[in-house]
Amino acid sequence: MHAALKLINHRFQQAQPGATGSPGVAAPPAPMVSRLPGSTPLVLDSPHSGTRYPADFGAALDLATLRRAEDTHVEKIYAFAPALGVAWVEAHFPRIYLDANRDTTELDTTLLDGAWTDPLSTDPQVLSKVRLGKGLIWKFTDEGEPIYNRLLSVAEVRARIERCWRPYHAAVAQAIDAAHARHGYSIHINCHSMPAVAASHATEFPGLVHADFVVGDRDGSTASPALSALICEHLRGCGYSVEYNHPYKGVELVRRYGNPAQHRHSIQVEINRKLYMDETTLAQHPEGMARLQADLTALVHRLLATDPR
């Protein structure tokens, strides 16, 4: 079996017991991040599709409720990419445990049982997401349900950052640096999914009916607008509805690693979950998955043939 398929196959493993702090069968610690090196200028990463729920989570909600926060199956949609020489980085920890697409300064300290002495963001735009309960450590689900019935210790939050956030960001940075060193430019696609309709605590636009795709480059600050336009044009040509920088512009992973002046292009791509899965049962729609994979494979080939310099 191809190495990429072996990696993706791990995703089908049942979530570890103890997701809500209940006892489970002891198991050796599993890696929280995987990286497959590439040979092309293209790097893909999936920060929110993880399904390995650590035993120290200590959440008050059942696993089915927690799983609604996942970008479920995104890693399967892009399973074709490593075979094309595309670098791939994947988080196995769940987004609701720690959100790798937030900075470590985006922390709601009301979750903690002690003082947080590290820097905290004062940016009102950043804090608007923290107030929704969507900081580095989530406080609420997308539906507004409290995730914890306890305070988290400062030590356990620091441990999550060391075990999950830092390795994930190191893997993404290394993959982009390697692609840029090989080719003189890099194209980074930050891979996500979104619900068909925004929930009450998911974004600043509750109730918004989402397009099929949302392409974001933080208003042209993290990638060449021409490159983003190419992606939008390709997807529209495949028959999808596409929005650009609304309602999702891209967050920490494109902000941190995108620098078009240095020929480092980072673009966030959101896929509407209705295209490929049942949002209630999380079951895949095989026809929708096949169509997306074919269309996204064609997109990857276009990006591999594009030098944005």
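Anything mentioned here points back to the structure above.
Now for a description of the structure that goes with this document. Since this is a predicted model, take the numbers as computed values, not measurements.

**What to know about the pairing of strand E2 (residues 42–46)**
Okay, step 1: Most of E2 is tucked away: five of the five residues are buried.
Okay, step 2: Burial of the side chains of E2 extends over both faces: Leu 42, Leu 44 and Ser 46 are buried on one face and Val 43 and Asp 45 on the other.
Okay, step 3: Here E2 runs beside strand E4 (residues 186–194); their pairing, made up of four bridges, is parallel. Within E4, the residue paired with Asp 45 across the bridge is Asn 190.
Okay, step 4: As judged from the four bridges shared by E2 and strand E3 (residues 87–91), these two strands associate in the parallel manner. In the sheet register, Val 43 faces E3, and the bridge partner there is Ala 87.

**Side note on the nonpolar core**
Okay, step 1: Counting residues in hydrophobic clusters, the biggest one holds 41 residues, and the most contacted among them are Phe 57, Phe 93, Leu 98, Ile 137, Ile 147 and Tyr 168.
Okay, step 2: Elements represented by at least two residues in this core include exactly E3, helix H5 (154–183) and helix H7 (252–257).
Okay, step 3: It is H5 that contributes the most residues to this core, twelve residues altogether.
Okay, step 4: Each residue touching Phe 93, except ones within four places of it in the same chain, is listed here: Met 32, Val 33, Gly 50, Arg 52, Leu 98, Ala 100, Cys 164 and Tyr 168.
Okay, step 5: Among the nonpolar cores identified, the runner-up in size contains 37 residues, and Leu 42, Ile 77, Ala 223 and Val 269 belong to it.

The rules behind each value
- Residues numbered from 1 in each chain as written.
- Predicted model: local features only at pLDDT ≥ 70, side-chain atom pairs only at ≥ 80, totals over all residues.
- Heavy atoms only, no water.
- Buried < 20%, exposed > 50% of the residue type's maximum accessible area, 1.4 Å probe, protein only.
- Helix = DSSP H or I, 4+ residues; strand = E, 2+ residues; numbered from the N terminus.
- Pairing = 2+ DSSP bridges.
- Core = buried A, V, L, I, M, F, W, Y, C linked by side-chain atoms within 4.5 Å.
- Contact = heavy atoms within 4.5 Å.

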